[in-house]
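Letter by letter, the chains look like this.
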Amino acid sequence: MMKTYTDTATAVLNKMNWPDKTIESWRRTPIRLLDPMNFKEPVSAESLLTPSEIPFEETSGLLQFAGTKILKNEQGTSEGGPAVLSLEEGVRKYPSEKEFFFPGEWADRFEAWNNSETTHSLFLDLPRGKVLEKPFVLRLDSLSRDHFSAPRIFVRLGENWQGSLVIVYSGSEDGQDKELVNSSLRIWAGQNSHVKIAEIQTLGLESRLVQNTQILLERDAQVKHSQFQIGAGAIKTNTVFHLKGEGAELQAEAIYTSGKNQHKDIRLEQRHFAPHTTSRALYKGAVSRRGRSVFQGMIIVEHEAPGTDAYLSNKNLILTKGSRADAIPGLKILVDDVKCSHGSTTGKLDPAQLFYLMSRGIPKTEAVRILTEGMFEELIAGHPELPAEWLRDRIARSLEPGEDLI
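Note that the structure is predicted; figures quoted are calculated from it, not measured.

## Some words on helix 7 (residues 364-381)
Consideration 1: The first and last C-alpha atoms of helix 7 sit 25 Å apart over 18 residues, in line with the 26 Å expected at 1.5 Å per residue.
Consideration 2: The principal kink in helix 7, of about 45°, is found at Met375.
Consideration 3: Here helix 7 has its buried residues at Ala367, Val368, Leu371, Thr372, Met375, Phe376, Leu379 and Ile380.
Consideration 4: Looking at the buried residues of helix 7, the elements they touch are strand 13 (222-229), strand 15 (249-258), strand 17 (278-287), strand 19 (309-318), helix 6 (351-358) and helix 8 (388-399).

Dropping the structure here:
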């Protein structure tokens, strides 16, 4: 089955062009920034540099890839932990979900490329009716130079499962990695499952990231999904939430930073397919030193989803001259009896707050750091399972406004 699917993806790939600005979702991210033509060879276990340390205090288990090699496989003893399967085993066990995990259509050449030349893959099967007390961590380290990696991860959350997952895309300790990561992640949240999913990206500044994420919520599933997009020189992410079951609830959040010459293109869709579903999205970004961010968000309510309650909020902070943040939120409503809205703000730091801190002897760069950290704090505080100080430090280092403050 996998070979047939891969062959089909390869055939489609060979007929597709790289996406360009004639496609609305790609209009603000030139393909040259991602530079896919110069990453022709897949990553291997032999091309590894030094992985960085991430100070998680307590976990229920850790699965760490470095390129295609598994560095650590600590499954733990909790009954709520995942079984690690191959993609074939996972789909054979859950044939009714085959269409979600293997949809047979590809939105663009990157997605077809991932399916055609997958470098490493796995299926995490979380057992129904169990509770995982501590987070399970999946690390995908990209530690090579001039190679591409194409991880393909499937996650199935069993009915009534509760717990948290952390997925980390990390670079090398010394920042010498230069890799194009073309990632595909699909998560199926079973009926009445309650899950927190945090994705942390701290790739090296010469690396690129293309990330396609699809999350499906069944009846009464509750999903909190958070992204921390901190590293990489250029990224293009597309996260689509499918609220398929009545009563499903989604809370989506993100922090993204674009420091010196970084380009971050963040896109999400909140797609409502069933009645009485709820979604909330809060995405926050900051740009400095000629960094640029693009946020594209869309709430879509289908005919079958009366009673939908959805909100989308985007907030951007511009720290230095020459930096830029674009925000394009939108609504597409196909049925009556819904409550949907969106809002977006882009601006500078409050000069009164900045003056207050500086009047107490705090240097301007430190005052900027404190206020920027304050903007992101509510999202960091919502994840006590994550290493908060490590995250704050990475965010501050990624922005480093220097003396060119507005």
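After that view, the rundown keeps rolling.
## Side note on the packing of helix 1 (residues 2-15) against helix 5 (residues 109-116)
Consideration 1: Two elements in contact, helix 1 and helix 5, have axes separated by 8 Å at closest approach and are oriented at 145°. The handedness of the crossing between helix 1 and helix 5 comes out as left-handed. Listed contacts from helix 5 to Tyr5, Thr6, Ala9, Thr10 and Leu13 of helix 1 are Arg109, Ala112, Trp113, Asn115 and Ser116.

## Structural notes on the packing of aromatic side chains
What describes a pair of aromatic rings is the distance from one ring centre to the other and the angle between the planes of the rings.
Consideration 1: Tallying each qualifying case throughout the model produces 14 aromatic pairs.
Consideration 2: Judged by centre distance (4.8 Å) and plane angle (80°), the rings of Tyr5 and Phe102 are edge-to-face. In this pair, Tyr5 sits in helix 1 while Phe102 sits in the loop between helix 4 (98-101) and helix 5, placing the two residues 97 residues apart along the sequence. Residues Tyr5 and Phe102 agree in their burial class; the two are buried.
Consideration 3: Considering the side-chain rings of Trp26 and Phe110, the 5.6 Å spacing of their centres and the 10° angle between planes classify their relative orientation as stacked. Taken together, the residues span a long stretch of sequence, with Trp26 in the loop between helix 1 and helix 2 (31-34) and Phe110 in helix 5 at a distance of 84 residues. When sorted by exposure, Trp26 lands in the same class as Phe110, which is buried.
Consideration 4: The cationic tip of Arg109 hangs over the ring face of Trp18; the distance from NZ or CZ to the ring centre is 4.5 Å.
Consideration 5: Over the ring of Trp26 we find Lys236, and its NZ or CZ is 4.9 Å from the ring centre.

## Here's the deal with empty space enclosed by the protein
Rolled over the atoms, a probe as big as a water molecule pinpoints where empty space is left.
Consideration 1: Using the criterion set out here, one finds two cavities of 30 Å³ or more in the structure.
Consideration 2: If you add up the space inside the largest cavity, you get close to 50 Å³.
Consideration 3: In terms of lining, the largest cavity is formed by Tyr5, Phe101, Pro103, Glu105, Trp106, Glu111, Asn115, Arg152, Ser184 and Arg186.
Consideration 4: Mapped onto the lining of the largest cavity, the elements with two or more residues apiece are helix 5 and strand 10 (178-189).

## Some remarks on the packing of helix 7 against helix 8
Consideration 1: At their nearest, the axes of helix 7 and helix 8 sit 11 Å apart, and the two run at 135° to each other. Between helix 7 and helix 8, the crossing angle belongs to the class labelled oblique. Remark: the crossing between helix 7 and helix 8 carries right-handed chirality. Only Ala388, Arg392, Ile395, Ala396 and Leu399 of helix 8 make contact with helix 7, whose side of the interface consists of Arg369, Thr372, Glu373, Phe376, Glu377 and Ile380.

Conventions and cut-offs
- By convention here, each chain's residues receive numbers from 1 onward along its written sequence.
- Only residues with pLDDT of at least 70 are given local features in this predicted model, and only at 80 or more are side-chain atom pairs given and counted; all residues enter the totals for whole chains, interfaces and linings.
- Where side-chain values are given, they derive from all heavy atoms of the structure, hydrogens and water being excluded.
- For the purposes of this entry, the term helix denotes a DSSP run of H or I that reaches at least four residues, the term strand denotes a run of E that reaches at least two, and both are numbered from the N terminus.
- One less than the number of residues in a helix, times 1.5 Å, gives the span that helix is expected to have.
- Two axes define the bend at a residue: one fitted to the seven residues ending there, one fitted to the seven starting there, and the bend is the angle between them.
- The classification of residues rests on relative accessible area computed with a 1.4 Å probe and restricted to protein chains. Under 20% of the type maximum is buried, over 50% is exposed, and intermediate values are partly exposed.
- By definition, residues are in contact when any of their heavy atoms lie within 4.5 Å.
- To get an axis, fit a line to the C-alpha atoms, keeping to the stretch in contact for a helix; angles then go from 0 to 180 degrees between the N-to-C directions.
- In a left-handed crossing the near helix is turned counterclockwise from the far helix by less than a right angle, and in a right-handed crossing that turn is clockwise.
- Pairing of aromatic rings covers Phe, Tyr and Trp, the last through its six-membered ring, and needs centres within 6.5 Å; plane angles under 30 degrees mean stacked, over 60 mean edge-to-face, and all others mean tilted.
- Any Lys NZ or Arg CZ found within 6 Å of a ring centre and within 35 degrees of that ring's normal is scored as a charge over the ring.
- Here a cavity denotes grid points, spaced 1 Å and computed from the protein atoms alone, that fit a 1.4 Å probe unable to get out, and a pocket denotes an open set having protein on both sides within 12 Å along at least 5 of 7 lines; residues with an atom within 4 Å of a point are the lining.
- Grid points are joined across faces, edges and corners, and a volume is the space filled by probe spheres set on the points.
- An angle below 35 degrees is read as roughly parallel, one above 145 as roughly antiparallel, one from 65 to 115 as roughly perpendicular, and any other as oblique.

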